[in-house]
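Observations on the model geometry
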Amino acid sequence: MIPLLFLFVARLGQGGRGIEGMLLVLFLFAVLWVAPAAVAYHLGERRGLGLVGLLLGVFLSWLGVAVVLVLPGGTDEDQVRAERLAAGTHAVCPWCRELVRTGAVVCPHCRRDLPVA
Ligand SMILES: [Zn+2]
């Protein structure tokens, strides 16, 4: 992918006239390489896949961004857990530390009685 990209960009650059060709090469370099790498990194970072996203963006350009979007998140579970606790819809079981719905009287994970709030 990358060698093809370079070949493509270099050919376009030769076709250009002086500074315009140079600017075109820089522009394409930014659009086809730097931008997707940055976007993929940003998208991946939110799910603990920053480095993976960066590499995919660098090697696969915009295709890498699409790949990052469909990848299962590395820390998805932790994030969901934090969001549910913050939203107040779930609490942590004092016995097994699993998430249980707020107001539950028996933990569905360890079957022990939960203290009534
Ligand atoms: Zn429990």
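Right above here is the structure, for reference.
All values derive from a computational prediction rather than experimental measurement.

What counts as what
- Residues numbered from 1 in each chain as written.
- Predicted model: local features only at pLDDT ≥ 70, side-chain atom pairs only at ≥ 80, totals over all residues.
- Core = buried A, V, L, I, M, F, W, Y, C linked by C-beta atoms within 7 Å.
- Buried ≥ 20, exposed ≤ 12 C-beta atoms within 10 Å, placed from the backbone.
- Helix = DSSP H or I, 4+ residues; strand = E, 2+ residues; numbered from the N terminus.
- Contact = placed C-beta atoms within 7 Å.
- Arc of directions from axis to C-beta.
- Axes fitted to C-alpha atoms, helices over the stretch in contact; angles between N-to-C directions.
- Parallel < 35°, antiparallel > 145°, perpendicular 65-115°, else oblique.
- Left-handed = near helix turned anticlockwise from the far one by under 90°.
- Nonpolar A, V, L, I, M, F, W, Y, C, P; charged D, E, K, R; others polar.

Observations regarding the nonpolar core
Among the nonpolar cores identified, the biggest contains eight residues, and these are Ala37, Ala40, Tyr41, Leu49, Leu54, Leu56, Val65 and Val68. Mapped by element, the contributors of at least two residues to this core are α2 (19-45), α3 (50-60) and α4 (62-70). For this core, the element with the most residues is α2, which contributes three residues. Setting aside anything within four residues of it in sequence, one finds tyrosine 41 in contact with Gly50, Gly53, Leu54 and Gly57.

Points about α4
One turn of the α-helix equals 3.6 residues, which is why residues spaced by three or four share an orientation. What α4 keeps buried is the set Gly64, Val65 and Val68. The arc enclosing the buried residues of α4, seen along the axis, measures out at 105°, which places them on a common side. Exposed positions of α4 whose direction lies more than 90 degrees from the buried face are Leu69 and Val70. Taken together, the buried residues of α4 touch α2 and α3.

Topic: the packing of α2 against α3
Geometrically, a packed helix pair is captured by the angle between its two axes and the distance between the axes. Where α2 contacts α3, the two axes come as close as 7 Å, and the packing angle between them is 160°. As far as their axial angle goes, α3 and α2 are roughly antiparallel. Both α2 and α3 take part in a crossing whose hand is right-handed. Taken together, the residues of α3 that come into contact with α2 (itself represented by Trp33, Pro36, Ala37, Val39, Ala40, Tyr41, Leu43, Gly44 and Glu45) are Gly50, Val52, Gly53, Leu54, Leu56, Gly57 and Val58.

A closer look at the environment of leucine 55
Within the fold, leucine 55 resides in helix α3. Considered as a pair, leucine 55 and tyrosine 41 are 14 residues apart in the sequence and their alpha carbons are 8.1 Å apart.

Digging into the packing of α2 against α4
Two elements in contact, α2 and α4, have axes separated by 8 Å at closest approach and are oriented at 10°. Between α2 and α4, the angle falls in the class roughly parallel. Packed against α2, whose contacting residues are Pro36, Val39, Ala40, Leu43 and Gly44, the element α4 presents Trp62, Gly64, Val65, Val68 and Leu69 at the interface. The residue makeup of the contact of α2 with α4, split by class, is eight nonpolar, two polar and no charged.

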